[in-house]
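Coordinate inspection notes
Listed below are the residues making up each chain.
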Amino acid sequence: MTSPVWHPFTQHGLGEAIPQVVRADGAMLHLAGGGTLIDGISSWWVTTHGHCHPRIAAAIAAQAGLLDQLIFAGYTHEPAERVARGLIDIAPQKLGRDPLAHVFFSDSGSTAVEVALKMALGYWHNRAKDGLSSPRHRILVLEHGYHGDTIGAMSIGERGVYNAAWTPLLFDVGTIPFPAAGAEQKTLDALESACAQHPAAFIVEPLILGAGGMLLYSPAILREMAAICARHDVLFIADEVMTGWGRTGTLFACEQAGVVPDIMAVAKGITGGALPLAATLATSRIFDAHSSTDRSRLFYHSSSYTANAIACAAAAANLAIWREEDVLGRIAALSQGIEQRLGCLAQHPAFANPRQLGTIAAIDLIAKDAGYLSDLAPRLRAFFLENGLLLRPLGNTIYLLPPYCLDADQLDRIFALLSKAGDIFGIAP
């Protein structure tokens, strides 16, 4: 019988296999019928410590029998308070810089980014009402960026086939060129010029652009971009949805540049990947611009499941794991293992441009048709699936973004399959 499910980023007309997963543990997915897959991308970048982590699962079970859901407009609960305090405690900090001090909960990376944009525009709107600033509406973005699939998030992301149908709904933005190696000054000059026109905010994925092709840039450039924004009083927004929770080698990518953003979006690994939850952190000046005896100035945003108590319990357990266990040690060991194997794979003549940041690794397969809409990526996905590995290449870019529990044998298996994929699908230069 045909399934009624409409899957995301899936062209059902191609009739590709859609495996049914019945359970998971650690880095492994177990399929109906008995097969297994190594989860090489943390089930779309969310699972950090491993699937069905016992501490997180226990917290979910305990909370489910105590308080499941509560309206969060004017009410609160202990798990949300605990998570908010925990997030503020671990957020990037810098002497002499206003810290991130307030937490607004939502339920996905896209909505966390939407909240960040609305916070920024609300800040300037209220300052203009008070006669403290001229109105500011323009958002600056980094070329090739991706921030989600809701309307605002699409507006500030790269335009292409994946959002062409909704172009009439998208608002105009100012695009700053990506700081490619050797062209960094062009980026900084463009940002300086754009900030001089008094935009509202500049949003970036710090250090690495995910869906844009796993493109890397240095902490020094991130630091200078934040400094340019500060000089011009342009709000600096860090989208740490993918980069947060240790993926880049530090808890948050901004730490590597010594940057404290005005607004920061986090999601994905906030619950260890167990349940949907997101948060947008802001400095006090953003919060204070909305706090008033005037009810028209309140922050008009919410969703029905804002700060769901069960999801917050999972997030609190995740924060406890970060506090009490050597997660960064596991990340360092995994990063080293990836680095060694990636160096060997880079010698394969069918691969080029190996790159790594923390536990994120990517390499480009040299192929005849490497475009985003070519049949290469589906063929690669099918090959990996047939051989017990979950990967989703971005065109000809094959990337790895695994949970931190991945062991050496599983790493060996992954890189052996990558090498075999080069033999089958690649062409030597």
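Residues numbered from 1 in each chain as written. Predicted model: local features only at pLDDT ≥ 70, side-chain atom pairs only at ≥ 80, totals over all residues. Heavy atoms only, no water.

- An unreviewed UniProt entry annotates the protein chain as Adenosylmethionine-8-amino-7-oxononanoate aminotransferase of Sphingobium herbicidovorans.

**With respect to the environment of serine 155**
- Structurally, serine 155 is set in helix α5 (residues 151-155).
- Among the residues examined, serine 155 registers a relative accessible area of 0% and is labelled buried.
- Once residues within four sequence positions are removed from consideration, serine 155 is found in contact with Leu170, Phe171 and Val173. (Helix = DSSP H or I, 4+ residues; strand = E, 2+ residues; numbered from the N terminus. Buried < 20%, exposed > 50% of the residue type's maximum accessible area, 1.4 Å probe, protein only. Contact = heavy atoms within 4.5 Å.)

**A closer look at the pattern of salt bridges**
- In total, this model carries 16 salt bridges according to the counting rule given.
- Residues arginine 330 and glutamate 325 are paired through a salt bridge, measuring 3.1 Å at the closest nitrogen-oxygen approach.
- By relative accessible area, arginine 330 is classed as partly exposed at 32%.
- We classify glutamate 325 as partly exposed; its relative accessible area is 26%.
- For the salt bridge of arginine 379 with aspartate 375, the shortest nitrogen-to-oxygen distance reads 3.8 Å.
- Here the residues in one salt-bridge network are Arg55, Glu324, Glu325 and Arg330, joined through shared partners. (Salt bridge = Lys/Arg side-chain N within 4 Å of Asp/Glu carboxyl O.)

**Things to note about the packing of aromatic side chains**
- Tallied over the full model, the rule gives 11 aromatic pairs.
- A ring pair is formed by tryptophan 245 and phenylalanine 252, whose centres lie 5.6 Å apart and whose planes are at 65°; its orientation type is edge-to-face.
- With a relative accessible area of 0%, tryptophan 245 lands in the buried category.
- With relative accessibility at 1%, the residue phenylalanine 252 sits in the buried group.
- Ring centres of phenylalanine 383 and phenylalanine 425 lie 5.6 Å apart, and the angle between their planes is 75°; on these two criteria the pair is classed as edge-to-face. Placement of the pair is phenylalanine 383 in helix α11 (residues 376-386) and phenylalanine 425 in helix α12 (residues 408-425), with a sequence separation of 42 residues. Just as phenylalanine 383 is buried, phenylalanine 425 falls in that class too.
- An aromatic cluster of at least three residues, connected via ring pairs, comprises Trp245, Phe252 and Trp322.
- Taking NZ or CZ as reference, arginine 136 lies 3.9 Å from the ring centre of tryptophan 124, over its face. (Phe/Tyr/Trp six-rings, centres within 6.5 Å; stacked < 30°, edge-to-face > 60°. Lys NZ or Arg CZ within 6 Å of the ring centre and 35° of its normal.)

**Digging into the layout of surface pockets**
- Taken as a whole, the second largest pocket holds about 760 Å³ of empty space.
- In this structure, the second largest pocket is lined by 29 residues; those nearest its centre are Phe72, Val103, Phe104, Phe287 and Phe299.
- When contributions to the lining of the second largest pocket are tallied by element, the ones reaching two or more residues are α3 (78-90), β4 (100-106) and α8 (284-290).
- Taken together, the residues of the lining of the second largest pocket sort by class into 16 nonpolar, nine polar and four charged. (1 Å grid on protein atoms, 1.4 Å probe; cavity = no way out; pocket = protein on both sides within 12 Å on 5 of 7 lines; lining within 4 Å. Points joined across faces, edges and corners; volume = space filled by probe spheres on them. Nonpolar A, V, L, I, M, F, W, Y, C, P; charged D, E, K, R; others polar.)

**So, the UniProt feature "binding site: substrate" (unreviewed entry) in the protein chain**
- The sites that UniProt annotates as "binding site: substrate" (unreviewed entry) are Trp44, Tyr146, Lys268, Ser302 and Arg392. For this annotated set, covering 349 residues, the C-alpha atoms extend up to 32.2 Å from each other, a dispersed arrangement in space. Restricting the annotated residues just mentioned to those that line the second largest pocket leaves Ser302.
- In this fold, tryptophan 44 is placed in helix α1 (residues 42-45).
- Classification of tryptophan 44 as partly exposed rests on a relative accessible area of 34%.
- Leaving out residues up to four positions away in the same chain, tryptophan 44 has contacts with Pro8, Phe9, Lys268 and Arg392.
- Residue placement: tyrosine 146 occurs in the loop between β5 (139-142) and α5.
- Those residues in contact with tyrosine 146 that lie beyond four places of it in its chain are Glu205, Ala211 and Asp239. (UniProt positions renumbered as here; feature names shortened; annotations may be inferred.)

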